[in-house]
Amino acid sequence: MLQSLYRIALTIAVVSFCSLAGAQGWGTLKGKFVVTGKPPQIAKPNLGNDKVCIQANPDQQVLKLGAANELANVVIYLRPGRGAKVAVHPDVQKLVGEPVVLDNKACVFQPHITMVTTGQKLLIKNSDPTTHNTKGALVSNGDFNVTLAPDGEQNMTFADEERLPMPVSCSIHPFMSGYLVVREN
């Protein structure tokens, strides 16, 4: 249900923003998503017997809310029509040459939602003193499954964009979850 909530929020954001796509020039979009009513109670994750994760004591990552029920981990992006291209701000374009880091740290994926452009290097790291597995269920680029020893790293790139944010998980620690957003823009 909560994954559906994320996808609905992302779809609303994309649809709402697409009406602005014809505007000229650059601007800043600022806003927040707020959960109304009583948010669902999410149980603390079952950490199993991994001493590193027990010591890190991670919170659940499925639903993160601020003090006024602001929803964390929301991504807004443009989804142009078939064949249409979106101009990328020059400041953002400069970052494409820099790797994006997805870290297994304190038994959570940091950041929870990782954004990378097609062709940009994604560095998957394990900063914990325990083995982690980073598994991505992608559609356009195919699935990946990387096991990383402590202090391990692996580089990846993706040739095609993904239409939606795609789930990332750890098979060793099933409570770990995140998303990967692969876009051309």
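Remember, predicted model here, so these are calculated numbers, not experimental data.

Would you explain the overall build of the protein in this entry?
Helix and strand counts for the protein stand at three helices and nine strands. Secondary structure elements in the protein, listed N-terminal to C-terminal, are α-α-α-β-β-β-β-β-β-β-β-β. The burial tally for the protein puts 35% of its 185 residues in the buried class. Counting only contacts in the protein whose residues sit at least 6 apart along the sequence, the fraction spanning at least 24 positions is 59%. Of the roughly 11,000 Å² that the protein leaves accessible, carbon and sulfur atoms contribute 54%.

What is the right way to read the packing of aromatic side chains from this model?
Aromatic ring pairs: the centre-centre distance and the angle between the two ring planes describe each pair. One pass over the full model with this rule turns up one aromatic pair. With a centroid separation of 6.0 Å and an interplanar angle of 45°, the aromatic rings of Phe 144 and Phe 158 are classed as tilted. Note that Phe 144 is positioned in strand S6 (residues 144-148) and Phe 158 in the loop between strand S7 (153-156) and strand S8 (166-169), a separation of 14 residues in sequence.

Explain the nonpolar core to me, please; I cannot follow it from the model alone.
Across soluble globular proteins, nonpolar side chains have a tendency to be buried as a group. Judged by nonpolar contacts, the single largest core of 22 residues is most densely connected at Leu 122, Phe 144, Phe 158 and Leu 180. Looking at this core, the elements with two or more residues in it are strand S1 (100-105), strand S4 (122-126), S6, S8 and strand S9 (177-183). Examining the composition of this core, we find that three residues originate from one element, S6, more than from any other. Every residue in contact with Leu 180, bar those within four places of it in the chain, is listed here: Thr 114, Val 116, Leu 122, Leu 138, Phe 144, Phe 158, Leu 164, Pro 165, Met 166 and Val 168. In terms of nonpolar packing, the next biggest core, distinct from the first, is built from five residues, Val 75, Tyr 77, Ile 113 and Val 181 among them.

It is not clear to me how unusual backbone geometry should be interpreted in this structure. Could you clarify?
Excluding glycine, residues mostly have negative phi values, and the peptide bonds linking residues are mostly trans. With an omega of 0°, the peptide bond between Gln 110 and Pro 111 qualifies as cis. Within the secondary structure layout, Pro 111 lies in the loop between strand S2 (108-110) and strand S3 (113-117). Backbone geometry at Asn 57 places phi at a positive 50°, although glycine is not the residue there.

Cut-off values and rules
Along each chain, residues carry numbers from 1 onward, in the same order as the chain's sequence is written. For a predicted model such as this one, the threshold for reporting local features is a pLDDT of at least 70, and the threshold for listing and counting side-chain atom pairs is 80 or more; totals across whole chains, interfaces and linings nevertheless cover every residue. The basis for the side-chain values is all heavy atoms of the structure; hydrogens and waters are excluded. Secondary structure elements are taken from DSSP: a helix is a run of H or I of four residues or more, a strand is a run of E of two residues or more, and numbering for both begins at the N terminus. Each residue gets one of three labels from its accessible area relative to the maximum for its type: buried under 20%, exposed over 50%, partly exposed in between, using a 1.4 Å probe on protein chains only. Pairs of residues are marked as contacts when any of their non-hydrogen atoms sit within 4.5 Å. For every accessible area listed, the method is Shrake-Rupley and the probe measures 1.4 Å; residues are considered covered only by the protein chains on display. Stacked, edge-to-face and tilted are the three classes for Phe, Tyr and Trp ring pairs, Trp counted by its six-membered ring, which pair at centre distances within 6.5 Å; planes under 30 degrees apart are stacked, over 60 edge-to-face, the rest tilted. Throughout, nonpolar core names a set of buried Ala, Val, Leu, Ile, Met, Phe, Trp, Tyr and Cys residues whose side chains join them through atoms within 4.5 Å.

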